[in-house]
Amino acid sequence: MAADLDQISRVIQLSVAPVFLLTGIGALLGVTTTRLARIVDRARSIETELSGASAERGTQIREEIGTLTRRARLIHRAITLCVVAALLVCAVIVGLFITAYYAWSPDLTRLVAAVFALGLLSLIAGLLCFLREVYIATQHLRFGVVTPTAPPG
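Quick caveat, the model's predicted, so the values are computed rather than measured.

Caption draft 1: Structural detail: the state of the cysteines. By the definition in use, this model includes 0 disulfides. Sulfur of Cys82: no disulfide; nearest cysteine sulfur belongs to Cys129 and is 8.6 Å away.

In C-alpha coordinates form, the structure reads like this:
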(Lines give C-alpha, C1' and ligand atoms only; values in the text may rest on other atoms or scores of the structure.)
Protein backbone atom coordinates (compact mmCIF):
# COMPACT_ATOMS: atom_id res chain seq x y z
CA MET A 1 0.00 0.00 0.00
CA ALA A 2 2.80 2.45 0.91
CA ALA A 3 4.63 1.63 -2.32
CA ASP A 4 1.47 2.38 -4.31
CA LEU A 5 1.08 5.74 -2.57
CA ASP A 6 4.71 6.59 -3.25
CA GLN A 7 4.27 5.73 -6.91
CA ILE A 8 1.06 7.74 -7.19
CA SER A 9 2.62 10.75 -5.48
CA ARG A 10 5.59 10.55 -7.88
CA VAL A 11 3.21 10.54 -10.87
CA ILE A 12 1.31 13.50 -9.44
CA GLN A 13 4.60 15.36 -9.12
CA LEU A 14 5.43 14.54 -12.75
CA SER A 15 2.03 15.71 -13.94
CA VAL A 16 2.26 19.12 -12.27
CA ALA A 17 4.18 20.68 -15.18
CA PRO A 18 1.62 19.58 -17.79
CA VAL A 19 -1.16 20.89 -15.53
CA PHE A 20 0.51 24.31 -15.43
CA LEU A 21 0.77 24.13 -19.21
CA LEU A 22 -2.96 23.45 -19.34
CA THR A 23 -3.57 26.54 -17.22
CA GLY A 24 -1.57 28.65 -19.65
CA ILE A 25 -3.39 27.20 -22.64
CA GLY A 26 -6.70 27.92 -20.90
CA ALA A 27 -5.72 31.56 -20.43
CA LEU A 28 -4.66 31.78 -24.07
CA LEU A 29 -8.00 30.31 -25.15
CA GLY A 30 -9.77 32.97 -23.11
CA VAL A 31 -7.86 35.72 -24.92
CA THR A 32 -8.37 34.23 -28.36
CA THR A 33 -12.08 33.63 -27.93
CA THR A 34 -12.49 37.24 -26.75
CA ARG A 35 -10.66 38.44 -29.85
CA LEU A 36 -12.86 36.28 -32.06
CA ALA A 37 -15.98 37.72 -30.43
CA ARG A 38 -14.75 41.27 -31.03
CA ILE A 39 -13.98 40.48 -34.68
CA VAL A 40 -17.46 39.03 -35.18
CA ASP A 41 -19.09 42.01 -33.45
CA ARG A 42 -17.15 44.46 -35.61
CA ALA A 43 -18.04 42.59 -38.80
CA ARG A 44 -21.73 42.58 -37.87
CA SER A 45 -21.71 46.28 -37.06
CA ILE A 46 -20.12 47.37 -40.34
CA GLU A 47 -22.22 44.96 -42.42
CA THR A 48 -25.30 46.95 -41.36
CA GLU A 49 -23.68 50.09 -42.80
CA LEU A 50 -23.11 48.46 -46.17
CA SER A 51 -26.67 48.75 -47.51
CA GLY A 52 -26.86 52.54 -47.17
CA ALA A 53 -23.24 53.34 -47.87
CA SER A 54 -21.86 55.33 -50.78
CA ALA A 55 -19.80 53.51 -53.40
CA GLU A 56 -16.52 54.68 -51.84
CA ARG A 57 -17.61 53.79 -48.32
CA GLY A 58 -18.97 50.45 -49.58
CA THR A 59 -15.52 49.60 -50.97
CA GLN A 60 -13.91 50.50 -47.64
CA ILE A 61 -16.42 48.36 -45.76
CA ARG A 62 -15.84 45.39 -48.07
CA GLU A 63 -12.07 45.72 -47.58
CA GLU A 64 -12.48 45.83 -43.82
CA ILE A 65 -14.79 42.82 -43.90
CA GLY A 66 -12.13 40.98 -45.92
CA THR A 67 -9.52 41.83 -43.30
CA LEU A 68 -11.86 40.78 -40.50
CA THR A 69 -12.51 37.50 -42.30
CA ARG A 70 -8.77 36.79 -42.51
CA ARG A 71 -8.37 37.63 -38.83
CA ALA A 72 -11.33 35.43 -37.83
CA ARG A 73 -9.89 32.48 -39.78
CA LEU A 74 -6.51 32.89 -38.09
CA ILE A 75 -8.06 33.14 -34.64
CA HIS A 76 -10.25 30.13 -35.35
CA ARG A 77 -7.16 28.18 -36.40
CA ALA A 78 -5.31 29.35 -33.26
CA ILE A 79 -8.21 28.25 -31.05
CA THR A 80 -8.39 24.85 -32.76
CA LEU A 81 -4.65 24.26 -32.43
CA CYS A 82 -4.64 25.32 -28.76
CA VAL A 83 -7.56 23.02 -27.98
CA VAL A 84 -5.74 20.15 -29.71
CA ALA A 85 -2.65 21.00 -27.63
CA ALA A 86 -4.71 20.94 -24.44
CA LEU A 87 -6.24 17.58 -25.36
CA LEU A 88 -2.81 16.13 -26.08
CA VAL A 89 -1.47 17.40 -22.76
CA CYS A 90 -4.45 15.76 -21.03
CA ALA A 91 -3.60 12.54 -22.85
CA VAL A 92 -0.03 12.83 -21.54
CA ILE A 93 -1.29 13.11 -17.97
CA VAL A 94 -3.54 10.09 -18.44
CA GLY A 95 -0.65 8.18 -20.00
CA LEU A 96 1.55 9.00 -17.01
CA PHE A 97 -1.03 7.65 -14.61
CA ILE A 98 -1.71 4.53 -16.64
CA THR A 99 1.99 3.72 -16.98
CA ALA A 100 2.69 4.27 -13.29
CA TYR A 101 -0.38 2.74 -11.74
CA TYR A 102 -1.29 -0.30 -13.77
CA ALA A 103 1.29 -3.07 -13.81
CA TRP A 104 -0.37 -4.73 -16.82
CA SER A 105 0.05 -1.67 -19.03
CA PRO A 106 2.82 -1.57 -21.61
CA ASP A 107 5.59 0.96 -21.23
CA LEU A 108 4.09 4.11 -22.69
CA THR A 109 7.15 6.30 -22.15
CA ARG A 110 7.91 6.86 -25.83
CA LEU A 111 4.27 7.31 -26.70
CA VAL A 112 3.77 9.81 -23.87
CA ALA A 113 6.87 11.72 -25.00
CA ALA A 114 5.67 11.78 -28.60
CA VAL A 115 2.19 12.95 -27.59
CA PHE A 116 3.71 15.69 -25.42
CA ALA A 117 5.91 16.83 -28.33
CA LEU A 118 2.87 16.91 -30.62
CA GLY A 119 1.03 18.96 -28.02
CA LEU A 120 3.85 21.48 -27.88
CA LEU A 121 4.04 21.66 -31.68
CA SER A 122 0.30 22.28 -31.81
CA LEU A 123 0.66 25.02 -29.20
CA ILE A 124 3.50 26.61 -31.17
CA ALA A 125 1.39 26.58 -34.34
CA GLY A 126 -1.54 28.10 -32.43
CA LEU A 127 0.67 30.84 -31.03
CA LEU A 128 2.00 31.60 -34.52
CA CYS A 129 -1.57 31.94 -35.85
CA PHE A 130 -2.38 34.22 -32.92
CA LEU A 131 0.73 36.31 -33.60
CA ARG A 132 -0.20 36.64 -37.27
CA GLU A 133 -3.72 37.77 -36.36
CA VAL A 134 -2.34 40.40 -33.98
CA TYR A 135 0.02 41.58 -36.72
CA ILE A 136 -2.84 41.94 -39.21
CA ALA A 137 -4.98 43.75 -36.63
CA THR A 138 -2.25 46.26 -35.78
CA GLN A 139 -1.22 46.70 -39.41
CA HIS A 140 -4.63 48.17 -40.20
CA LEU A 141 -4.78 50.60 -37.28
CA ARG A 142 -5.21 54.24 -38.22
CA PHE A 143 -4.58 56.58 -35.34
CA GLY A 144 -5.43 60.22 -35.91
CA VAL A 145 -7.29 59.68 -39.19
CA VAL A 146 -10.55 61.15 -37.92
CA THR A 147 -10.47 64.92 -38.11
CA PRO A 148 -12.24 66.73 -35.31
CA THR A 149 -15.28 68.75 -36.24
CA ALA A 150 -15.50 72.43 -35.41
CA PRO A 151 -17.43 73.18 -32.24
CA PRO A 152 -20.86 74.72 -32.83
CA GLY A 153 -21.26 78.37 -32.50
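Structure shown, so let's carry the discussion forward.
Caption draft 2: Structural context of the pattern of salt bridges. Using the criterion set out here, one finds 4 salt bridges in the structure. Arg35 is the salt-bridge partner of Glu133, the closest N and O atoms lying 2.7 Å from each other. With Glu133 in helix α3 (residues 109-139) and Arg35 in helix α1 (residues 2-50), the pair connects residues that are 98 residues apart, well separated along the chain. The class of Arg35 is partly exposed, set by a relative accessible area of 23%. Note that Glu133 is salt-bridged to Arg71, the shortest N-O span being 2.7 Å. Here the residue Glu133 occupies a position in helix α3, and Arg71 occupies one in helix α2 (residues 55-101), the gap between them amounting to 62 residues. Given the relative accessible area of 15%, Arg71 is considered buried. Several salt bridges share partner residues, and in doing so they unite Arg35, Arg71 and Glu133 into one network.

About the criteria used
Sequence order as written defines the numbering, with residues in each chain counted from 1. Given that this is a predicted model, residues contribute local features only at a pLDDT of at least 70 and side-chain atom pairs are listed and counted only at 80 or more, while totals for whole chains, interfaces and linings are drawn from all residues. Excluded from the side-chain calculation are hydrogens and water; included are all heavy atoms of the structure. Pairs of cysteine sulfur atoms within 2.5 Å are what we label disulfides. One side-chain nitrogen of Lys or Arg within 4 Å of one carboxyl oxygen of Asp or Glu is enough to make a salt bridge. Secondary structure is summarised from DSSP: a helix means a run of H or I of at least four residues, a strand means a run of E of at least two, and numbering begins at the N terminus for each. Accessible area is worked out with a 1.4 Å probe on protein chains only. A residue is then buried under 20% of its type maximum, exposed over 50%, and partly exposed in between.

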